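Secondary and tertiary structure notes
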Amino acid sequence: MSKSIPIRLTLISFFFVLAMVLFLPSTPISKDLPSFWRNNVPKINLGLDLQGGMHLVLQVDTEKAVANHTQRLASSISSLLIEKKAAITSVKASGVSDISIAYTGTDTKDIEKLMDSNYQIFKKTRGAGSEIIYTLIDGEIERIKEWSVSQALETIRNRIDKFGVAEPHIQRQGINEIIVQLPGLKDTERAIALIGKTAVLEFKLVDETGDVKKAAEENITPEGDELLYQRGTDKETGIVKQTPYLLKKQTLITGDSLTDARVAIDSQFNEPYVSITFDSEGARQFEKITAESVGKRLAIILDGNVYSAPNIQERIGGGRAMITGRFTHEEASDLAIVLRAGALPAPVNIIQNVTVGPSLGQDSIEAGVKACIIGGILVLLFMMFYYKFAGVIADFAVVLNISMLLGAMAWFNATLTLPGIAGIILTIGMGVDSNVLIFERIKEELRLGKTPRSAVDAGYDRAWWTVIDSHVTTLITAAVLFQFGSGPIKGFAVSLSLGILINLFTALVGTKVIFDMMHQRRRVERVSI
Amino acid sequence: MDIWGETRIDFVGKRNYAFLLSGMLAILGLIAAVLIPMGRANLGVDFAGGVSIQLKFEKPVAIDEARKLMESGGFKDSELQEFKADSKLLIRLKKPEGDVRKISEGIINVFTNGFPDNKFIIDSTEEVGPTIGKRLQKDALWAVSISLLGILTYVAWRFEFVFGVAAVIATFHDVLAVLGIFYVSGKEINLLIITALLTLAGYSLTDTVVVFDRIRENLRKRTKETLAQLINRSINEVLRRTIVTSTTVLLVLAALLAAGGEVIHDFSLALFIGVIVGTYSSIFVASPVVLLWKKK
């Protein structure tokens, strides 16, 4: 047994040094460390509750994604059937996943044949009067929903990358939710606006002949038209003004054909605007549209709001256009970001938003660290008072435990949260328990009249399984917490379970070696316990 | 150091008093466990859905004025709480109708306009939609059930089935007791409190397992004692450890309570009460259950 003392001592010192090497770069003294050390070691992350920031849970409206998709399919089915000269009057999307095909003749065989060979994702569900209803098959609906969430995730990640937040955390949760964590973020309103924008960009012609006033007041729009508004805030008075526009329903070109969007400054008015560039197909279309509509106004619409409706002066080649609208520089650059990152396949709703201000975060760190120090000192003193020299050994184990815990947290790049600090403090309290179990056993053995040396050995042997059992049960709850918890609670589970695992080592190996060393050096008459 | 000598307290002899007390605590907890999902409790915003905003003002705010301001702004059912020391105000509005984002913007506007010469910063905001709250409630229930099942399996495997059942009864008792106490005292039930309950389940079990370990060890020695005497002796033998450990854990939790800050105050309080209840239950609930079962 005693032969292994050097091995155990080496192991303990190795772990302690490793822990320090890992932990120190996460502390405020990090800046005084050599840069190769500072830069090559993983760091403990601070949770949002400790550094401030925003935690969002977004829900992707997958129903809407399916509806949008069905809408698009309806128009391509329409053009296919017309092209093949099928006897139809209209193809419309209805409900979420239905399209209804209205036909003129009596025979629907042609239509059915075309649908079967080209659109196997649809099945005929019913036919009534002069309409056939096709419905998307379930597998296809699932696929669209799945795609819309992963696409939304990708788009949001793109937008946040371009927005520039350090260490954002974006991940999918469950079926249709996305978690976005932005640590240290200050301008939360702006971030929400940026993330939440669906960013569907459309170009539509203004109906110059229609009566806008009548449409806006009496809610009657001419056939094939729609009424949309331009919202503008007067910068001096702060009053929101809504200007109605009567637009042709048909979308001429969408944001899908964009390759780039960037902020530029209008040299004449010194106002920022967004300059967009179309891909080659988009450029060709845009040139055609502008050539056919010189003298008319072309409305630029984002998420159903009219941004501007400039007059087309001449055919515009080269695939460039500009979006103006009395933007501030921030507004313009956010608009450019969402246009560059692309549109969300469906709207997202914010179902949870937790924002912690940086000052509260700072307060929390200070309170947590203070509580940690007070709690630690109380325990160390209590153990010394109650167990004398053995208490000092237990204190050594506690110090070893905490430093190794912090090192392990850095190693795993774990996130330290306020409940996590509570977990560390609790680990101190529970870590002491293994030593108490062992010490009380040793005392019992001493009372039975054993020599100090055999009492210590017997104490460790007999307490062994009790220590294991008591640790495993706590570990079970910690594992459950880790599995189900989110954010701060997960942080608590991480520090608690790491602390417990490390404690097994420090309590069973760390303290024993000191007793063994004492007994090896000289014959110990009594144990100070 | 030994503060007291060997003890010979007749713990199991007092089991009827203990069962009475534990029964009351457990029933209280059960009532709470039924009423909480029905929404008849002070549920946190994370469970109930709603808005919670904490503002830090430059100068202290009279809470009556703030309340009047909220009412005139159309936020009638809001709860206000002040932290006088640093002129903070916590505003909560649960289960509101409509978009939670708009509501929190509205509340912030009310204070910007209502106290024009007392500037504030937003310390934290929490906006939770109604559906997610329901789901979090369900998740929490699952977590508690899974962890109790895990514990039952482990203890039943390491000991005997009886011990596993007794441990789970004691653990259930502790979780219910703290839940009941929190419910009666009107404390907010939120995710952090559920975390505290799960943690205390782990702690209380540790305590129970230590006692059981000793009972098992003594059972193997086949002494001539009755089971009741053996259980009593076992509890007495580990009593010192039980008290020392609970004292250290309580010391740390006291530090958390006193200096940990407002965010984890109730969390620490739940753990503090839980450690006391957990220590009590390993002696007065878990062991007597083993006795009752084995006697049959």
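Residues numbered from 1 in each chain as written. Chains lettered and ligands numbered in written order. Predicted model: local features only at pLDDT ≥ 70, side-chain atom pairs only at ≥ 80, totals over all residues. Heavy atoms only, no water.

**A few points about the overall build of chain A**
From N to C terminus, chain A includes 14 helices and 19 strands. Compactness check: chain A gives a C-alpha radius of gyration of 34 Å against a globular reference of 24 Å for 529 residues, more than 25% above the reference. Considering only C-alpha atoms, chain A reaches an extent of 110 × 60 × 40 Å along its principal axes. Here chain A holds 529 residues, and 50% of them are scored as buried. The contacts of chain A with a sequence gap of at least 6 include a subset with a gap of at least 24, amounting to 68%. (Helix = DSSP H or I, 4+ residues; strand = E, 2+ residues; numbered from the N terminus. Rg over C-alpha atoms; globule rule 2.2 N^0.38 Å. Buried < 20%, exposed > 50% of the residue type's maximum accessible area, 1.4 Å probe, protein only. Contact = heavy atoms within 4.5 Å.)

**Remarks on the interface of chain A and chain B**
Listed per partner, the contact involves 65 residues of chain A and 67 residues of chain B. Of the roughly 5500 Å² buried between chain A and chain B, counting both surfaces, carbon and sulfur atoms make up 65%. For the chain A face of the interface with chain B, the top three residues by lost area are Tyr386(A), Asp469(A) and Phe484(A), together amounting to 11%. There are 10 salt bridges connecting chain A and chain B. The partner of Glu217(B) in a salt bridge is Arg462(A), and the shortest N-O contact between them spans 3.3 Å. If you list the elements that add at least two residues to the side of chain A that touches chain B, you get α7 (188-196), β18 (348-356), α11 (358-411), α12 (418-447), α13 (452-484) and α14 (488-521) of chain A. Among the elements that line the side of chain A that touches chain B, the one with the most residues is α11(A), at 18 residues. (Buried area = accessible area lost by both parts, 1.4 Å probe. Salt bridge = Lys/Arg side-chain N within 4 Å of Asp/Glu carboxyl O.)

**Some remarks on the packing of aromatic side chains**
Across all of its chains, the model carries 24 aromatic pairs over all chains by this definition. Aromatic pair Phe11(B) and Phe284(B): ring centres 5.6 Å apart, planes at 75 degrees, arrangement edge-to-face. Here Phe11(B) is found in the segment before α1 (15-35), whereas its partner Phe284(B) is found in helix α9 (residues 265-295), with 273 residues between them in sequence. Here the two residues Phe11(B) and Phe284(B) agree in accessibility, since each one is buried. Within the aromatic cluster, the residues linked to one another by ring pairs are Phe382(A), Tyr386(A), Tyr387(A), Phe439(A), Tyr460(A) and Phe515(A). Positioned above the aromatic ring of Phe482(A) is the side chain of Lys490(A), whose terminal nitrogen or guanidinium carbon lies 5.0 Å from the ring centre. Directly above the aromatic system of Tyr460(A) lies the positively charged group of Lys512(A), at a separation of 5.6 Å from the ring centroid. (Phe/Tyr/Trp six-rings, centres within 6.5 Å; stacked < 30°, edge-to-face > 60°. Lys NZ or Arg CZ within 6 Å of the ring centre and 35° of its normal.)

**Description of the nonpolar core**
Core analysis: the biggest nonpolar cluster contains 142 residues, and Tyr387(A), Phe439(A) and Phe212(B) have the highest contact counts within it. Look past the residues within four positions of Phe212(B) in its chain and what remains in contact with it is Phe159(B), Phe163(B), Ala166(B), Ala167(B), Ala286(B), Ser287(B) and Val290(B). Of all hydrophobic cores here, the second largest spans 50 residues; its members include Ile192(A), Leu201(A), Ala321(A) and Leu335(A). (Core = buried A, V, L, I, M, F, W, Y, C linked by side-chain atoms within 4.5 Å.)

**Looking at the pairing of strand β14 (residues 271-278) of chain A**
Residue and element names in this part refer to chain A. Most of β14 is tucked away, with 7 of its 8 residues classed as buried. The pairing of strand β13 (residues 258-266) with β14 spans 8 bridges and is classified as antiparallel. Following the sheet pairing, Ala264 is matched in β14 by Tyr273. Hairpin connection, β13 to β14: the antiparallel pair is bridged by 4 residues, and Asn270 has positive phi, about 55 degrees. Relative to strand β17 (residues 320-323), β14 runs antiparallel, the two sharing 4 bridges. (Pairing = 2+ DSSP bridges.)

**Side note on helix α8 (residues 227-259) of chain B**
Residues and elements named next belong to chain B. Given a rise of 1.5 Å per residue, 33 residues ought to cover 48 Å, and the 46 Å separating the end C-alpha atoms of α8 matches this to within 8%. Maximum bend of α8: about 45 degrees, positioned at Val238. Count one or two residues on from α8 and you reach Gly261, which has phi positive near 95 degrees. (Expected span 1.5 Å × (residues − 1). Bend = angle between axes of the 7 residues up to and from the residue.)

**Some words on the pattern of salt bridges**
Per the counting criterion, the structure on display carries 41 salt bridges over all chains. Note that Arg101(B) is salt-bridged to Glu189(A), the shortest N-O span being 2.9 Å. One end of the pair, Arg101(B), is in helix α4 (residues 100-114); the other, Glu189(A), is in helix α7, on a second chain. Residue classification places Glu189(A) among the partly exposed residues on the basis of a relative accessible area of 43%.

**Looking at the sheet that holds strand β5 (residues 122-128) of chain A**
All names here are of chain A. Pairing within the open sheet is antiparallel, and its 4 strands lie in the order β3-β4-β6-β5. Each end of this open sheet is capped by a strand with a single partner; those strands are β3 (88-94) and β5. Taking the axes of each pair of neighbouring strands and ignoring which way they run, one obtains an average angle of 20 degrees across the sheet. With 6 bridges joining them, β5 and strand β6 (residues 131-136) adopt antiparallel strand pairing. In the sheet register, Lys124 faces β6, and the bridge partner there is Tyr134. Contacting β3, β4 (98-103), β5 and β6, helix α4 (residues 62-83) crosses the sheet at an angle of about 170 degrees to β3. (Axes fitted to C-alpha atoms, helices over the stretch in contact; angles between N-to-C directions.)

**Digging into the side chain of Arg216(B)**
Position of Arg216(B) among the secondary structure elements: in helix α7 (residues 191-220). With a relative accessible area of 16%, Arg216(B) lands in the buried category. Those residues in contact with Arg216(B) that sit more than four places away from it in its chain are Asp469(A), Arg158(B) and Phe159(B).

**A few points about the sheet that holds β17(A)**
All names here are of chain A. An order of β13-β14-β17 is seen for the 3 strands of this open sheet, with the pairing classed as antiparallel. If you trace the sheet from one side to the other, it starts and ends with β13 and β17, each paired once. Averaged over all adjacent pairs, the angle separating strand axes in this sheet is 30 degrees, with direction ignored. Contacting β13, β14 and β17, helix α10 (residues 329-341) crosses the sheet at an angle of about 170 degrees to β13.

**Re the confidence of the model for chain B**
Residues and elements named next belong to chain B. In the predicted model, chain B carries a mean pLDDT of 87, and 98% of its residues have values of at least 70. By mean pLDDT, the top-scoring element of chain B is α9 (92), and the lowest-scoring one is helix α5 (residues 130-158) (82). With a pTM of 0.81, the predicted complex shows an ipTM of 0.86. (pLDDT = per-residue confidence, 0-100.)

**Let's talk about a nonpolar patch on the surface**
On the surface, Val369(A), Ile373(A), Ile377(A), Leu381(A), Met384(A), Phe389(A) and Val392(A) cluster together to form a nonpolar patch covering roughly 600 Å² of accessible area. With respect to the helices and strands, Val369(A) occurs in helix α11. (Patch = residues over 30% accessible without salt bridge, like charges linked within 9 Å, V, L, I, M, F, W, Y side chains within 5 Å. Areas by Shrake-Rupley, 256 points an atom, 1.4 Å probe, with all protein chains shown as cover.)

**Some remarks on the environment of Lys162(A)**
Residues and elements named next belong to chain A. Topologically, Lys162 is positioned in helix α6 (residues 138-163). On the accessibility criterion, Lys162 (34% relative accessible area) is partly exposed. Separated by 196 residues in sequence, Lys162 and Pro358 place their C-alpha atoms 23 Å apart. Dropping the residues within four chain positions of it, Lys162 is found in contact with Ile337, Arg340 and Ala341.

**Focus on the packing of helix α6 (residues 161-184) of chain B against α9(B)**
Residue and element names in this part refer to chain B. Where α6 contacts α9, the axes come no closer than 7 Å and their chain directions differ by 145 degrees. Note that α6 runs across α9; the crossing there is right-handed. Among the residues forming the contact of α6 with α9, the class breakdown is 21 nonpolar, 4 polar and 3 charged. (Left-handed = near helix turned anticlockwise from the far one by under 90°. Nonpolar A, V, L, I, M, F, W, Y, C, P; charged D, E, K, R; others polar.)

**Considering the packing of α13(A) against α14(A)**
Geometry of a packed helix pair, given as the angle between the helix axes and the separation of the axes. Residue and element names in this part refer to chain A. Look at α13 against α14: their axes get within 9 Å of each other, and the N-to-C directions meet at 170 degrees. Comparing their axes, α14 and α13 come out roughly antiparallel. Looking at the contact of α13 with α14, its residues break down into 21 nonpolar, 6 polar and 5 charged. (Parallel < 35°, antiparallel > 145°, perpendicular 65-115°, else oblique.)

**Let's talk about α4(B)**
Its 15 residues place the ends of α4(B) 21 Å apart at the C-alpha level, agreeing with the 21 Å of an ideal helix rising 1.5 Å per residue. Within α4(B), the full set of buried residues consists of Val100(B), Arg101(B), Ile103(B), Ser104(B), Ile107(B), Ile108(B), Val110(B) and Phe111(B). Buried residues along α4(B) sit in contact with α7 and β18 of chain A together with β1 (50-57), α3 (63-72), β3 (88-94) and β4 (120-128) of chain B.

**Section: unusual backbone geometry**
Where the residue is not glycine, phi is negative for most of them; where a peptide bond is considered, it is trans in most cases. Residue and element names in this part refer to chain A. Of note, the phi angle at Asp303 is positive, near 50 degrees, even though the residue is not glycine. Structurally, Asp303 can be placed in the loop between β15 (298-302) and β16 (305-308). Judged by its relative accessible area of 29%, Asp303 is partly exposed. Notably, Asn413 is not glycine yet its phi reads approximately 60 degrees, a positive angle. Among the secondary structure elements, Asn413 is positioned in the loop between α11 and β19 (415-416).

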